[in-house]
Amino acid sequence: MAFPKSVRLVEVGARDGLQNEPEPVSTATKLELIDRLGAAGLRHIEAASFVSPKWVPQMADHREVMAGLKRRNGVVYSALTPNLKGLEAALECGADEVAVFGAASESFSQKNINCSVAESMERFAPVLERAKEAKVRVRGYVSCVLGCPYEGEIAPAKVAEVAGALFEMGCYEVSLGDTIGTGTPLKAKRMLDAVARDVPIERLGAHFHDTYGQALANLYAVLEEGIGVIDSSVAGLGGCPYAKGASGNVASEDVIYLLNGLGIESGIDLDALAATGDWITRTIGRPNRSKVGVALFAK
Ligand code: HMG
Ligand code: MG
């Protein structure tokens, strides 16, 4: 299959990125980050996570973030909602879109959301129903699609089963998460081939972490298969607090540089994005994990 003509980026830095910071980042900094990302051309920004503050204290200000956004026309501001409680709060605060998050690994599901994969589907069903009533779209995530921190190898058939269930339930898109970044390109391709038998490829997204430095290679492989949605995080911020050793998502700047080189449109201003990556890493005192971002600022 040929490369897509354009790719939609889902910017997850303010959520997946900042959920993993040792110290919570101030609400004002989060809001400024989200605003700068919108100014750089991002059109889908995951802004917050309506999860338990006991589980993820870094996301405890979800209401203030979602309600305090300086909204830009044409930008979708979304939030994670693991259950009805989270969904109701996200709707009250004006989330444009929400996401449920499951896993292809039983152990990861237990550690991350305190229930089995089957129980998570039972929890998500009423979230999907209520969101539909509220006319809010729901995205689905599947974690551990290329490996699990507790179980190791994950069968592509299991990923396909969970992704298919989320799609059947009404998720408009399913994002496939290499949570711990252990995947390699052929493995990513094989996993995608298995999932694409159950979910149309245009309804799938790639959410790759860069722990082992493979994320761009994996993205190239799935772009070749026709993936048109990529999740990424400015400056490569982040990781998952329930997956030891998971480093950040692939850096948004690096993805845009790759897409520009391949002649694939994204509508994003690389210089403005790199400036945002430079600003946020200086502000929170973290290393900039975007090679492109660092190179542009070293000039
Ligand atoms: P639980 O303890 O089983 O839930 O947690 P519960 O229903 O028994 O409730 C326990 C307490 O939590 C109660 O409070 C509830 O009110 C509260 P208490 O009475 O003890 O004071 N609670 C909530 N508070 C706020 N918002 C809510 C909510 N729900 C219950 N929505 C739960 C279950 C799912 C809530 C918990 O396990 C949790 O919050 N987990 C979050 C895990 C998380 O955020 N992980 C990171 C995101 S996933 C990820 O990063 C992967 C991804 O990027 C893709 C990839 O890379 O693979 C998406
Ligand atoms: Mg993630």
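The rules we used
- Residues numbered from 1 in each chain as written.
- Chains lettered and ligands numbered in written order.
- Predicted model: local features only at pLDDT ≥ 70, side-chain atom pairs only at ≥ 80, totals over all residues.
- Heavy atoms only, no water.
- Phe/Tyr/Trp six-rings, centres within 6.5 Å; stacked < 30°, edge-to-face > 60°.
- Helix = DSSP H or I, 4+ residues; strand = E, 2+ residues; numbered from the N terminus.
- Buried < 20%, exposed > 50% of the residue type's maximum accessible area, 1.4 Å probe, protein only.
- Lys NZ or Arg CZ within 6 Å of the ring centre and 35° of its normal.
- Near = heavy atom within 4 Å.
- Polar contact = N/O pair within 3.5 Å; in protein donor to acceptor, adjacent residues only side chain to side chain.
- Areas by Shrake-Rupley, 256 points an atom, 1.4 Å probe, with all protein chains shown as cover.
- 1 Å grid on protein atoms, 1.4 Å probe; cavity = no way out; pocket = protein on both sides within 12 Å on 5 of 7 lines; lining within 4 Å.
- Sits in = over half its atoms within 2 Å of the grid points.
- Nonpolar A, V, L, I, M, F, W, Y, C, P; charged D, E, K, R; others polar.

## Concerning the packing of aromatic side chains
All chains considered together, the criterion is met by 1 aromatic pair. Judged by centre distance (5.4 Å) and plane angle (70°), the rings of F3 and Y220 are edge-to-face. Taken as a pair, F3 in the segment before strand 1 (8-11) and Y220 in helix 9 (residues 215-224) lie far apart in primary sequence, 217 residues in all. In this structure Y220 comes out as partly exposed when scored by relative accessible area, which is 33%. K111 extends its terminal NZ or CZ atom over the ring of Y150, reaching a point 5.2 Å from the ring centre.

## Concerning the site of ligand 1
By nearness alone, 27 residues border ligand 1, and N83, N112, N114, S143 and T179 come closest of all. The contact in question runs from an oxygen atom of ligand 1 to an N or O atom on the side chain of Q19, over 2.9 Å. Separating an oxygen atom of ligand 1 from a side-chain N or O atom of S143 is a distance of 2.6 Å. Protein coverage of the free-state accessible area of ligand 1, which is 1,100 Å², stands at 75%. Spatially, ligand 1 is embedded in the largest pocket. Classifying every residue of the shell around ligand 1 by side-chain character gives 11 nonpolar, 11 polar and 5 charged.

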